[in-house]
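One letter stands for each residue in the lines below.
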Amino acid sequence: MIGDVRIEVRAALDGVRFGELTADRLCYAPARALVAGTAVNLARCAVARFRRVSVLAKIGDDGFTPVIRRELRRIGARDRLRVEPGAPNGVTVMLRDGPAGGGPGVRLLVADQDAPGRRLTESEVRSAARAIGRSDVLFLDGYALLSPVSRAALRAAADTAREAGTAVAFDLVPHDIDARLPAADVLPLLSAADLVIAEAPTLARLLGREVPAGADEVRALARALDDLVPGTPLWLLRFGPTQLERVLAYQWERLLMEYETGYRDGDARAGFGDRLAVWELHQWLSSR
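In this text the structure is predicted, and so the values were computed from the model without any measurement. (Residues numbered from 1 in each chain as written. Predicted model: local features only at pLDDT ≥ 70, side-chain atom pairs only at ≥ 80, totals over all residues. Heavy atoms only, no water.)

Quick look at the sheet that holds strand β11 (residues 195–199) now. Taking strand neighbours across the sheet as the criterion, the 6 strands line up as β9-β10-β11-β12-β13-β14 in an open arrangement whose pairing is mixed. Of all the strands in the sheet, just β9 (137–141) and β14 (254–260) have a single pairing partner and so form its edges. Strand-to-strand twist across the sheet, computed as the mean angle between neighbouring axes with direction ignored, equals 15°. On top of the sheet, helix α10 (residues 272–287) reaches β9, β10 (167–171), β11, β12 (234–239), β13 (246–251) and β14; it is set at about 150° to β12, its chief contact. (Pairing = 2+ DSSP bridges. Helix = DSSP H or I, 4+ residues; strand = E, 2+ residues; numbered from the N terminus. Axes fitted to C-alpha atoms, helices over the stretch in contact; angles between N-to-C directions. Contact = heavy atoms within 4.5 Å.)

Right under this line is the structure:
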């Protein structure tokens, strides 16, 4: 998998709503720092279902670098990290507020804009061509599209995988990618993928369609994909009240199935999407 590797600080603020803050506030709450990022988060789940899991990412060169490498060894993932000499590692701060009446609250995610992962290069990806070629699947996500340098690296990775006969899976994130990039920057990855995971509203907005309201409109969106996106990927479209409850699987004129994910109101959102994606990847590869 190719994605973000960062140091992340997480905290949840019980009884505090962001919208009610009108002055500086000191809050005491459980807080922790951990090695995270899209690649590491997925790898933690993937090692339970796949015999070999490799993480290819660009990281910095500071006191956190050995911590990152040690964490990959601990979870059992292969370290294919590229280090940028002299650069600090990327840091992310995730705060979730806690409405007094309960509920999941609102998440505020602050990410270092100049993280090394944004400078992963085509040549660094090509240097891992043998490893990509020996893999069953290459998993990519859309955060790397946000930088022109890593965008080119992501396309090179997909090309390398396809040339070697390795399946390509692509996760369409961030969920507001349509507000950050034109569709022309995203379509090449959607077209190159064998499997695409996407929230239905994100995909609809990206392609200039109305946001679907309900299962019937998600099915209509799926049928429209045959004309809107070149290629014939398997689409796993997430939808529901939080976009986590249901999935529609569609591939070239065929609605394959709809299924419930098991997510329920009140369940912890953190990590659920990664666990679901790994299960779907395993099921898909097992059926090929």
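Another aspect to go through is the layout of surface pockets. Quantified by volume, the second largest pocket comes out at close to 630 Å³. For the second largest pocket, the lining is made up of 24 residues, of which Arg 52, Val 53, Ser 54, Ser 135 and Val 137 are closest to its centre. Listing elements by their share of the lining of the second largest pocket, those giving two or more residues are α4 (129–133), β9 and α10. Residue composition of the lining of the second largest pocket, by class: 15 nonpolar, 3 polar and 6 charged. (1 Å grid on protein atoms, 1.4 Å probe; cavity = no way out; pocket = protein on both sides within 12 Å on 5 of 7 lines; lining within 4 Å. Points joined across faces, edges and corners; volume = space filled by probe spheres on them. Nonpolar A, V, L, I, M, F, W, Y, C, P; charged D, E, K, R; others polar.)

The mixed open sheet is built from 4 strands, whose spatial order is β2-β1-β7-β8. Only two strands of the sheet have a single neighbouring strand rather than two, namely β2 (31–36) and β8 (107–111). Strand after strand, the sheet turns through a mean of 20° between neighbouring axes, direction not considered. Where strand β7 (residues 91–98) lies against β8, 5 bridges are found, and the strand directions are antiparallel. Within β8, the residue paired with Arg 96 across the bridge is Arg 107.

Looking now at the packing of helix α1 (residues 38–46) against α10. Their axes nearest at 9 Å, the elements α1 and α10 cross at an angle of 55°. As judged from the angle between their axes, α1 and α10 are oblique. Crossing handedness for the pair α1 and α10: right-handed. Residues Asn 41, Leu 42, Cys 45 and Ala 46 of α1 pack against Asp 274, Arg 275, Ala 277 and Val 278 of α10. (Parallel < 35°, antiparallel > 145°, perpendicular 65-115°, else oblique. Left-handed = near helix turned anticlockwise from the far one by under 90°.)

Let's shift gears to the packing of α1 against helix α2 (residues 65–75). Close contact between α1 and α2 brings their axes to 10 Å; oriented N to C, the two are set at 20°. The orientation of α1 relative to α2 falls into the category roughly parallel. Read as a crossing pair, α1 and α2 show a hand that is left-handed. On α2, the residues touching Val 40, Ala 43 and Arg 44 of α1 are Glu 71, Leu 72, Arg 74 and Ile 75.

Turning our eyes to something else, we now look at α10. The end-to-end C-alpha distance of α10 is 23 Å, a good match for the 22 Å that 16 residues give at a rise of 1.5 Å each. Those residues of α10 lying buried are Phe 272, Leu 276, Ala 277, Val 278, Glu 280, Leu 281, Trp 284 and Leu 285. (Expected span 1.5 Å × (residues − 1). Buried < 20%, exposed > 50% of the residue type's maximum accessible area, 1.4 Å probe, protein only.)

Before going further, it helps to examine empty space enclosed by the protein. If you walk through the whole model with that rule in mind, you get 1 cavity of 30 Å³ or more. Taken as a whole, the largest cavity spans an internal volume of roughly 30 Å³. The wall of the largest cavity is formed by Leu 225, Asp 226, Val 229, Gly 231, Thr 232, Pro 233, Trp 235 and Trp 252. Across the lining of the largest cavity, the residue classes break down as 5 nonpolar, 2 polar and 1 charged.

Below, the discussion takes up a nonpolar patch on the surface. Together, Val 9, Val 91, Val 93, Leu 108 and Val 110 give the surface a local cluster of nonpolar side chains, amounting to about 330 Å² of exposed area. Of all the secondary-structure elements, those providing two or more residues to the nonpolar patch are β7 and β8. Position of Val 93 relative to the elements: it lies in strand β7. (Patch = residues over 30% accessible without salt bridge, like charges linked within 9 Å, V, L, I, M, F, W, Y side chains within 5 Å. Areas by Shrake-Rupley, 256 points an atom, 1.4 Å probe, with all protein chains shown as cover. Salt bridge = Lys/Arg side-chain N within 4 Å of Asp/Glu carboxyl O.)

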